[in-house]
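# Observations on chain architecture
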Amino acid sequence: METALRICPLCEATCGLTLTIDTGRVTAARGDRQDVFSAGFVCPKGATLPALDNDPDRLRRPMVREGGTWREVDWPEAFAAVDAGLSGVVRRHGRDAVAAYLGNPNVHTLAGQLYSGLLARTLGTPNVYSASTVDQMPKHVSSGLMFGDPLAIPVPDLDRTDHLLMLGANPVESNGSLCTAPDFPGRLKALRARGGRLVVVDPRRTRTADLADEHVAIRPGTDAYLLFAMAQTLFAEDLADPGALAEHVEGVAEVRALAKEFTPEAVASVCGIDADRIRTMARDLAAAPTAAVYARVGTTTAEFGTLTSWLVDVLNLITGNLDRPGGALFPRPAHRPAGAGRSRPFRLGRWRSRVRGLPEAKGELPAVTLVDEIATPGSGQVRALVTVAGNPVLSTPGGDRLDRELPGLEFMVSVDPYLNETTRHAHVILPPAPPSRTPHFDLAFGELAVRNTVRYSPAPLPLDEGEADESLILRRLVQIAAGQGPEADPDAVDEAETARILARAVADPDSSVHGRDPDELTAALYPGTWSERRVDLLLRLGSYGDAFGARPGGLTLQRVLDAPHGVDLGPLDSRVPEILSTASGRVEACPAPVAEDVARLGEGLAARRDSLVLVGRRHLRSNNSWAHNLPRLTGGSNTCTLHVHPDDADRLGLTESAEATVRSAYGEVSAPVELTDTVAPGVVSLPHGWGHGVPGTRMTVAAQNPGVNVNAVTDPSVVDPLSGNAVLNGVPVTVLPHG
Ligand SMILES: Nc1nc2c(c(=O)[nH]1)N[C@H]1C(S)=C(S)[C@@H](COP(=O)(O)OP(=O)(O)OC[C@H]3O[C@@H](n4cnc5c(=O)[nH]c(N)nc54)[C@H](O)[C@@H]3O)O[C@H]1N2
Ligand SMILES: Nc1nc2c(c(=O)[nH]1)N[C@H]1C(S)=C(S)[C@@H](COP(=O)(O)OP(=O)(O)OC[C@H]3O[C@@H](n4cnc5c(=O)[nH]c(N)nc54)[C@H](O)[C@@H]3O)O[C@H]1N2
Ligand code: SF4
Ligand SMILES: [Mo]
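- Per an unreviewed UniProt entry, the recorded name for the protein chain is Anaerobic selenocysteine-containing dehydrogenase, and the organism is Nocardiopsis aegyptia.

Now the structure itself:
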């Protein structure tokens, strides 16, 4: 028996694991106590990595479907089938007729980070969709507008802050999001132990709320009102002060003017929170020596998602906490160069979707409208779909309709290890090798971590005979998309990308390699696989990099490999103004698109809010739609039940365990009732990612306990207008006994 280190790919916490390996298989996983970031932490999901790796239902060979029958094929035949299918559609209908849907695990694989965006660009279609628009797109939009870069997302300085105001997040179960912090629960306990204060705003009394000093049971969908009223209080009481950041900010006076209308009194009944309490929350935030406001998925997947995301950083800004230790800071990832403005200023709505005219954001169209593009005839109709690591049938509103429309596609290919609710419609499935046979480096989460560290996991085990690494699969797809056929040399993709990155760097006066010879730099790259060389390249050009020898002692992949438990690069530090990419070169506190959307918020003040509303929830031993197949994670609290407050149940005639029907303007599902006072009265909750066991899937364990698809109830016709993000929380519903 041996051990190997592997960063866990199952959530944003990126814990370092120690895997036990016995005769070519992973048999156990525990936390790596020496990991510079996670220091031994592991959660039940991470501990189940071996079961995921060895799941007998995992596809090990490519599959081609003929009618209702699947046939295992070899890789050359599979890629040839993809080439024929995609090229045929492009030839007949043009590039716009191909759509891509990129799911959540793309941010958890190195291959997804290196190649899936490139694949989407190479397809040359406006029809790019991803899980981002059923998740965090509003935050990208608010950051893009305020800081010029949709990836410049401030994270709460968890380990040093004195006061954390958290909205719409339950990190004790989710382990955190847009805030990479292994052992998030432990860090919250440490915050309280050092005398700090934790305030949790959530319509459910979650396990995170149980850790807090204060739990505020807000009415779902109304966080923007609460935050605006807090801002209004700070302006009115002369407590607003951006501190050291003031010289780098514009637009605060405009925010002040917009806030006027949203007094605590005006919003109290909307939010279900007393005006006095709102004022106290604002004063506490301003009075704390340092404080951070942090909001997650409960607030972005809502009607006013972008406004809420913006107001979070407005509050960080006007309490002087933006960009200062203890407040909300921009991480300094090792794979990014330092230097002014990382990108051209962010622009929103560069194109619109064909059918509903919904705006593009960050190169994507809203996932809720993929089905419209497939189902609506006309020039530009989508006839082929490429999914990579996504299950939109279960994860996007109107997923039931998507399920009905996917069979009408002329061609579909899925890169996915499971035959599930979405991939069952594909003509070809390309399954990547499991985590134990895959190298890992977190490009996405270095951007979001509460401490700067860098870690690389080589693949713990070699590929089995007949397995393909996801990097090979995605590079082949890139080449097929480029019209180079299914047999081109995949390394050419990396050669071209490396040449492109280096050409830009040597031409950039701010780059650490300005003026150098790209060929000489290419020749100096780490002599390993292309995944390794690509990471080496980024590290050496990055903030701490060796600049190819110009900064001796700086980071290289070799140095990171020499430190298998990772290299600690220290706590977060201030990055304004270098992080900014806005046209003005300043923090734009009141971007025009956001200011315009405030009118909609104002109108909402008068809206009737007497309906029951639906929210989601996550379970510790679950992972969106694809962890229900592991026996060790099933059962217990991890069930697809409808949480109902006992007072509502009495009123509605609902009883424990009896089936109830949940009906929205869009659709309905039935689920067993679970009575609990953890949900606020007027709120019901169903988890997502369920609805298994449909014909033609191959997830044996999940099928035994299928649950129902909540996204047959969430309404695809409603989106946050700036980001196109789906509204998954605060959905008006009626609930009645089933039958
Ligand atoms: N109602 C409601 N809906 C929601 C949410 C909610 O809170 N409520 N949450 C939303 C959020 S935040 C998200 S991120 C989305 C997720 O939406 P999706 O990304 O569409 O769905 P997942 O369930 O994460 O599916 C991931 C897919 O990737 C596959 N996979 C796993 N590992 C790998 C790998 O290494 N490589 C490849 N190629 N594939 C892999 C799995 O088999 C699965 O098919 O769901 C959203 N939907
Ligand atoms: N165990 C587990 N971990 C996961 C996942 C999983 O499925 N299972 N999924 C991963 C993914 S893809 C993501 S994006 C992250 C998400 O991580 P988190 O953002 O922490 O997501 P949730 O745990 O769903 O917590 C969202 C909370 O928002 C609350 N909420 C709902 N509506 C509102 C509202 O209008 N206002 C406020 N203030 N709160 C509201 C819900 O009650 C819920 O407690 O988790 C990741 N980690
Ligand atoms: S918290 Fe997330 S990263 Fe850490 S072990 Fe659990 S699933 Fe893996
Ligand atoms: Mo997510």
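## Brief notes about the overall build of the protein chain
- The helix and strand tally for the protein chain stands at 26 helices and 28 strands.
- Expected size for 739 residues packed as a compact globule is a radius of gyration near 27 Å; at 25 Å, the protein chain falls within 12% of this value.
- Reported as C-alpha extents along the three principal axes, the dimensions of the protein chain are approximately 65 × 65 × 55 Å.
- Within the span of the protein chain, comprising 739 residues, buried residues form 62% of the whole.
- When contacts within the protein chain are restricted to residue pairs at least 6 apart in sequence, those whose partners lie at least 24 apart make up 73%.
- When the accessible surface of the protein chain is summed, it comes to about 25700 Å², and 51% of that surface belongs to carbon and sulfur atoms.
- For the protein chain, the separation between the mean place of its 71 positive charges and that of its 90 negative charges on side chains is 0 Å.

## Regarding empty space enclosed by the protein
- What the rule picks out here adds up to eight cavities of 30 Å³ or more.
- Of the pockets and cavities examined, the second largest cavity occupies roughly 190 Å³.
- Lining the second largest cavity we find 18 residues, and of these Asp 442, Gly 446, Thr 453, Val 454 and Arg 455 sit closest to its centre.
- Put simply, the parts of the chain that give the lining of the second largest cavity at least two residues each are helix H18 (443–446) and strand E18 (451–454).
- No other element matches E18, which puts four residues into the lining of the second largest cavity.
- Residue classes in the lining of the second largest cavity are distributed as eight nonpolar, six polar and four charged.

## Notes on the packing of helix H19 (residues 470–481) against helix H20 (residues 491–507)
- For the pair H19 and H20, the least separation of the axes is 9 Å and the interaxial angle reads 80°. Considering their axes alone, H19 and H20 lie roughly perpendicular with respect to each other. Where H19 abuts H20, its residues Arg 475, Val 478 and Gln 479 lie against Asp 491, Ala 492, Val 493 and Asp 494.
- Split into classes, the residues belonging to the contact of H19 with H20 amount to three nonpolar, one polar and three charged.

## As for helix H11 (residues 264–271)
- Of all the residues in H11, the buried ones are Pro 264, Val 267, Ala 268, Val 270 and Cys 271.
- Against helix H9 (223–236) and helix H12 (275–287) lie the buried residues of H11.
- Directly after H11, the chain includes Gly 272, whose backbone phi takes a positive value near 75°.

## Quick look at the site of ligand 1
- If you check the shell around ligand 1, you find 29 residues, and the closest are Tyr 101, Asn 104, Ser 395, Asp 416 and Ser 625.
- Tyr 101 places a polar side-chain atom, nitrogen or oxygen, 2.7 Å from an oxygen atom of ligand 1.
- Considered on its own, ligand 1 offers 920 Å² of accessible surface; in the complex 95% of this is hidden by protein.
- Each of domain 2 (57–125 + 366–442 + 456–488) and domain 5 (611–737) accounts for three or more of the residues forming the shell around ligand 1.

## Focus on the site of ligand 3
- By nearness alone, every residue bordering ligand 3 is listed as Cys 8, Leu 10, Cys 11, Ala 13, Thr 14, Cys 15, Phe 41, Val 42, Cys 43, Lys 45, Gly 46 and Asn 175.
- Each residue belonging to the shell around ligand 3 can be placed in one class, and the counts come to eight nonpolar, three polar and one charged.

## Considerations on the UniProt feature "domain: 4Fe-4S Mo/W bis-MGD-type" (unreviewed entry) in the protein chain
- Summarizing the sequence annotation, UniProt attributes the feature "domain: 4Fe-4S Mo/W bis-MGD-type" (unreviewed entry) to residues 1–57 in the numbering used throughout.
- For residues 1–57, helix accounts for 18% and strand for 35%, while the C-alpha atoms at its two ends are 25 Å apart.

## Overview of the side chain of Glu 421
- Assignment of secondary structure puts Glu 421 in the loop between strand E16 (411–415) and strand E17 (428–430).
- One buried charge, Glu 421, has no salt-bridge partner; the nearest side chain with opposite charge is Arg 424, at 7.4 Å.
- Side-chain polar atoms of Glu 421 contact the side chain of His 692, separated by 2.8 Å.
- Discounting chain neighbours no more than four positions away, the residues touching Glu 421 are Asn 391, Val 393, Leu 394, Asp 403, Gly 691, His 692, Gly 693, Val 694 and Thr 697.

## Side note on the sheet that holds E17
- Taken in spatial order, the seven strands of this open sheet run E5-E4-E17-E16-E15-E6-E7, and their pairing is mixed. On the outer flanks of this sheet lie strand E5 (69–72) and strand E7 (128–130), each paired with one strand and no other. For this sheet, the mean inter-axis angle between neighbouring strands, taken without regard to orientation, is 15°.
- As paired strands, strand E4 (residues 63–66) and E17 are joined by two bridges and run antiparallel to one another. Following the sheet pairing, Met 63 is matched in E17 by Ile 429.
- Taken strand by strand, helix H3 (residues 75–93) contacts E5, strand E6 (98–102), strand E15 (384–388), E16 and E17, and its axis lies near 125° from that of E17.
- Those strands touched by helix H4 (residues 110–123) are E6, E7 and E15, and its axis lies near 165° from that of E6.

## Things to note about the domain arrangement of the protein chain
- Along its sequence, the protein chain is carved into domain 1 (1–54), domain 2 (57–125 + 366–442 + 456–488), domain 3 (137–336 + 585–602), domain 4 (490–565) and domain 5 (611–737).
- The C-alpha centroid of domain 5 is placed 28 Å from the C-alpha centroid of domain 2.
- Domain 2 puts 23 residues into the contact, and the matching count from domain 5 is 28 residues.
- Taken together, both faces of the contact between domain 2 and domain 5 bury some 2000 Å²; the carbon and sulfur share is 54%.
- Here domain 2 and domain 5 share zero salt bridges between them.
- Taken together, the links from domain 2 to domain 5 amount to twelve residue pairs in polar contact (both at pLDDT 80 or more).
- Those elements giving two or more residues to the side of domain 2 that touches domain 5 turn out to be helix H16 (392–395) and helix H17 (399–405).
- Across the side of domain 2 that touches domain 5, the residue classes break down as eleven nonpolar, seven polar and five charged.

## Regarding the pattern of salt bridges
- Tallied over the entire structure, the rule returns 44 salt bridges.
- Residue Glu 214 is joined to Arg 277 by a salt bridge in which the shortest nitrogen-to-oxygen separation is 3.3 Å. In this pair, Glu 214 is assigned in strand E11 (residues 214–216) and Arg 277 in helix H12, connecting sequence segments 63 residues apart.
- Among the ionic pairs, Arg 500 bridges to Glu 497, the shortest N-O distance being 2.9 Å. Note that Arg 500 and Glu 497 are positioned in helix H20 at a spacing of three residues, about one turn of the helix.

## As for the layout of surface pockets
- Of the pockets and cavities examined, the second largest pocket occupies roughly 410 Å³.
- Along the walls of the second largest pocket sit 21 residues, with Glu 303, Val 613, Gly 730, Val 731 and Pro 732 positioned nearest its centre.
- Residues belonging to the lining of the second largest pocket are distributed by class as follows: eight nonpolar, seven polar and six charged.
- Formed jointly, the lining of the second largest pocket draws a minimum of three residues from each of two domains, domain 3 (137–336 + 585–602) and domain 5 (611–737).

## A closer look at the packing of aromatic side chains
- Enumeration over the complete set of coordinates arrives at eight aromatic pairs.
- On the numbers, 5.7 Å between centres and 85° between planes, the contact of Tyr 225 with Phe 304 is edge-to-face. On the criterion of sequence distance, the pair formed by Tyr 225 in helix H9 and Phe 304 in the loop between helix H13 (297–300) and helix H14 (305–318) is long-range, its members being 79 residues apart.
- Classification of Tyr 225 as buried rests on a relative accessible area of 0%.
- Grouping aromatic residues by their ring pairs yields a cluster made of Tyr 225, Phe 228, Phe 262, Phe 304 and Trp 310.
- Across from the ring centre of Phe 79, 5.6 Å away, lies the NZ or CZ of Arg 476, which sits over that ring.
- A cation over an aromatic ring shows up here: Arg 533 above the ring of Trp 530, its NZ or CZ 4.6 Å from the ring centre.

Reading the values: rules and limits
Residues numbered from 1 in each chain as written. Chains lettered and ligands numbered in written order. Predicted model: local features only at pLDDT ≥ 70, side-chain atom pairs only at ≥ 80, totals over all residues. Heavy atoms only, no water. Helix = DSSP H or I, 4+ residues; strand = E, 2+ residues; numbered from the N terminus. Rg over C-alpha atoms; globule rule 2.2 N^0.38 Å. Buried < 20%, exposed > 50% of the residue type's maximum accessible area, 1.4 Å probe, protein only. Contact = heavy atoms within 4.5 Å. Areas by Shrake-Rupley, 256 points an atom, 1.4 Å probe, with all protein chains shown as cover. Lys, Arg positive; Asp, Glu negative; His and termini not counted. Charge placed at Lys NZ, Arg CZ, Asp CG, Glu CD. 1 Å grid on protein atoms, 1.4 Å probe; cavity = no way out; pocket = protein on both sides within 12 Å on 5 of 7 lines; lining within 4 Å. Points joined across faces, edges and corners; volume = space filled by probe spheres on them. Nonpolar A, V, L, I, M, F, W, Y, C, P; charged D, E, K, R; others polar. Axes fitted to C-alpha atoms, helices over the stretch in contact; angles between N-to-C directions. Parallel < 35°, antiparallel > 145°, perpendicular 65-115°, else oblique. Near = heavy atom within 4 Å. Polar contact = N/O pair within 3.5 Å; in protein donor to acceptor, adjacent residues only side chain to side chain. Domains from an automatic or database assignment. UniProt positions renumbered as here; feature names shortened; annotations may be inferred. Salt bridge = Lys/Arg side-chain N within 4 Å of Asp/Glu carboxyl O. Pairing = 2+ DSSP bridges. Buried area = accessible area lost by both parts, 1.4 Å probe. Phe/Tyr/Trp six-rings, centres within 6.5 Å; stacked < 30°, edge-to-face > 60°. Lys NZ or Arg CZ within 6 Å of the ring centre and 35° of its normal.

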